[in-house]
Amino acid sequence: MKRSLFVAALATLAAGSALAQSNVTIWGRLNETVERQKVGGVSSTVLNDNASRLGFKGTEDLGGGLSANFLIEHRFGPDTGSAATPFWAGQSEVNLTSKSLGAIRLGRFTSEAYFATADYVSMHNHDTGTSADALYYSAAGFNSNNRIGYTSAEFVPGLVFHASVGLHETATTPNYRDFAVNYTLGGLALGAGYDAQGESNQFALRALYSFGPFAVGGYFQQADDAADGKRNNFRLAGMYTLGASEFHVHAGMAGDWKNISGDSGAKQYTLAYNYNLSKRTKVYTYFTKLSADTNANETDYQSFALGVRHNF
């Protein structure tokens, strides 16, 4: 009898634990392309990963409009099965979120300045793979460790701002700073982003307008690199939707770096077509080409790709 009661109690506890974990979501994206690439003067045919990922996220309602949330994201290459380094190379954060005040975030997460500008207008493949924006400049890379951040609530309808600092925890490496603002009003979406580390920084403005089946927009960026000096960069993007089809065009141009002698600018354009088989799965194709000046930091390349992207 005592043994039966003990087993029943364990079963009840296990059921309660399962219910407590029911808000945890497993999600991810697999995104692969077959490509004919030309880098410099060398051509090859490759199977290419486009930022595939596996993630876990969850939330606990603490009452009074307050919740505790977590997100961890693993990056990997489905073409080889290789794991990224670090293992949680995407986001890995915990946050406390108030519906009326906003969220305090701790961990590793992507630059909100980048999300508010370059990523926002890269509509055809989420700014991944060989067709990603090669000209956008970030002061310290897109993901930063040891970050303390704040994301506001919508104190003004449609307006959200972000601020964070990445603590580099050494006496010789300066902290990373990241700020962004997003504003939406009907079909108009505006954004601005600034990030900096030490003597390097960048500031960018973005606009995107959606009307009927069309979306047109772009961003302008001024970068200031500690070694290379300043340069300006802009990108234009357009999308036309017809049923399950999407037609995309992107064009970007970066000027010369001030401290590099000779021509150091670059241009990039992309033409793409996506066909949505469902809300989660699409097949797509694109041609992208980057042309760099003799003294540019970028390298000439082009790629013709056929791909499949599946979200789960």
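Sequence order as written defines residue numbering, which begins from 1 separately in each chain. pLDDT decides what is reported in this predicted model: residues at 70 or higher carry local features, side-chain atom pairs at 80 or more are listed and counted, and totals for whole chains, interfaces and linings draw on all residues regardless. By convention in this description, side-chain values take in all heavy atoms of the structure and omit both hydrogens and water.

Remarks on the overall build of the chain
Heads up, the rule is: Put simply, DSSP marks the helices as runs of H or I at least four residues long and the strands as runs of E at least two long, and each gets a number from the N terminus on. Each residue is assigned to one of three classes by its accessible area relative to the maximum for its type, calculated with a 1.4 Å probe on protein chains only: buried under 20%, partly exposed between the two thresholds, exposed over 50%. By definition, residues are in contact when any of their heavy atoms lie within 4.5 Å. A 1.4 Å probe and the Shrake-Rupley method give the accessible areas. Residues count as covered only by the protein chains that appear here.
Within the chain, the secondary structure is distributed over 3 helices and 18 strands. By its C-alpha atoms, the chain is 85 × 45 × 40 Å across when sized along the principal axes. Split into buried and exposed, the 312 residues of the chain put 41% on the buried side. Across the chain, the fraction of contacts at a sequence separation of at least 24, relative to all contacts at a separation of at least 6, is 49%. Accessible surface, the chain: about 16,100 Å² in total, of which carbon and sulfur atoms supply 63%.

Thoughts on the environment of Gly 107
Mapping Gly 107 onto the fold places it in strand β7 (residues 102-110). Ignoring sequence-local partners within four residues, the contact set of Gly 107 consists of Ser 92, Glu 93, Ser 144, Asn 145, Asn 146 and Arg 147.

A short note on the side chain of Glu 35
Heads up, the rule is: Two residue types count as positive, namely Lys and Arg, and two as negative, namely Asp and Glu; His and chain ends fall outside the count. When a carboxyl oxygen of Asp or Glu lies within 4 Å of a side-chain nitrogen of Lys or Arg, that pair is called a salt bridge. The definition of a polar contact used here is a pair of N or O atoms within 3.5 Å, where within protein one atom must be able to donate a hydrogen and the other to accept one, and adjacent residues in sequence count solely through side-chain atom pairs.
If you trace the backbone, Glu 35 turns up in strand β1 (residues 25-39). Among buried Asp, Glu, Lys and Arg side chains, Glu 35 stands out as unpaired, with Arg 36 the closest opposite charge at 10 Å. Within the local environment of Glu 35, its side chain forms a polar contact with the side chain of Thr 33, the two groups lying 2.7 Å apart. Side chain to side chain, Glu 35 and Ser 303 meet in a polar contact 2.5 Å long. When sequence neighbours within four positions are dropped, the list of residues in contact with Glu 35 reads Ser 44, Thr 45, Val 46, Asn 48, Thr 130, Tyr 286, Ser 303, Phe 304 and Ala 305.

Side note on unusual backbone geometry
For the bond running from Thr 85 to Pro 86, omega is 0 degrees, close enough to zero to count as cis. Along the chain, the position of Pro 86 falls in the loop between β5 (82-83) and β6 (92-98).

As for the pairing of strand β18 (residues 301-311)
Defined as follows: Pairing between two strands is assigned when DSSP locates at least 2 bridges connecting them.
Note: β1 against β18, 11 bridges, orientation antiparallel. Residue Val 39 lies in a different strand from β18, and its bridge partner there is Tyr 301. As judged from the 10 bridges shared by strand β17 (residues 281-292) and β18, these two strands associate in the antiparallel manner. Within β18, the residue paired with Tyr 286 across the bridge is Ala 305.

Remarks on the pairing of strand β8 (residues 143-152)
In this sheet, β8 lies alongside β7 in antiparallel orientation, the contact comprising 8 bridges. Bridge pairing in β8 places Gly 102 opposite Ser 152. The hairpin formed by β8 and strand β9 (residues 159-166) contains 6 residues between the paired strands, and Gly 158 there has a positive phi angle of roughly 85 degrees.

Notes on the environment of Thr 85
Mapping Thr 85 onto the fold places it in the loop between β5 and β6. For Thr 85, a relative accessible area of 77% corresponds to the exposed category.

Details of the pattern of salt bridges
When charged atoms on two side chains of opposite charge get close, those side chains can pair. For the structure shown, the criterion picks out 8 salt bridges. With its nearest N and O atoms 3.1 Å apart, the salt bridge here joins Glu 73 to Arg 75. The exposure class assigned to Glu 73 is buried, which follows from its relative accessible area of 4%.

Digging into the packing of aromatic side chains
Rules: A pair of Phe, Tyr and Trp rings is counted when the ring centres sit within 6.5 Å of each other, with Trp represented by its six-membered ring. The angle between the planes then sorts it: under 30 degrees is stacked, over 60 is edge-to-face, the rest tilted. Only when the NZ atom of a Lys or the CZ atom of an Arg is both within 6 Å of the ring centre and within 35 degrees of the ring normal do we say a charge sits over the ring.
Applying the stated criterion to the full structure yields 15 aromatic pairs. Connected via pairs of aromatic rings, a cluster forms that spans Tyr 209, Phe 211, Phe 214, Tyr 240, Phe 247 and Tyr 273. Just above the ring of Trp 27 sits the side chain of Lys 57; from NZ or CZ to the centre is 5.4 Å. Sitting above the plane of the Tyr 120 ring, Arg 206 keeps its charged end 3.7 Å from the centroid.

A word on a nonpolar patch on the surface
Just so we agree on the cut-off: Patches were defined on residues exceeding 30% relative accessible area and lacking a salt bridge, with like-charge contacts within 9 Å and nonpolar side-chain contacts (Val, Leu, Ile, Met, Phe, Trp, Tyr) within 5 Å.
Together, Leu 185, Leu 188, Leu 190, Tyr 209, Phe 211, Phe 214 and Val 216 make up an exposed nonpolar region whose accessible area comes to about 600 Å². Residue assignment for the nonpolar patch shows that the elements contributing at least two residues are β11 (188-197), β12 (200-211) and β13 (214-225). Within the fold, Leu 185 resides in strand β10 (residues 176-185). Note on Leu 185: relative accessible area 56%, which makes it exposed.

In short, shape yes, function no, at least from these values alone.
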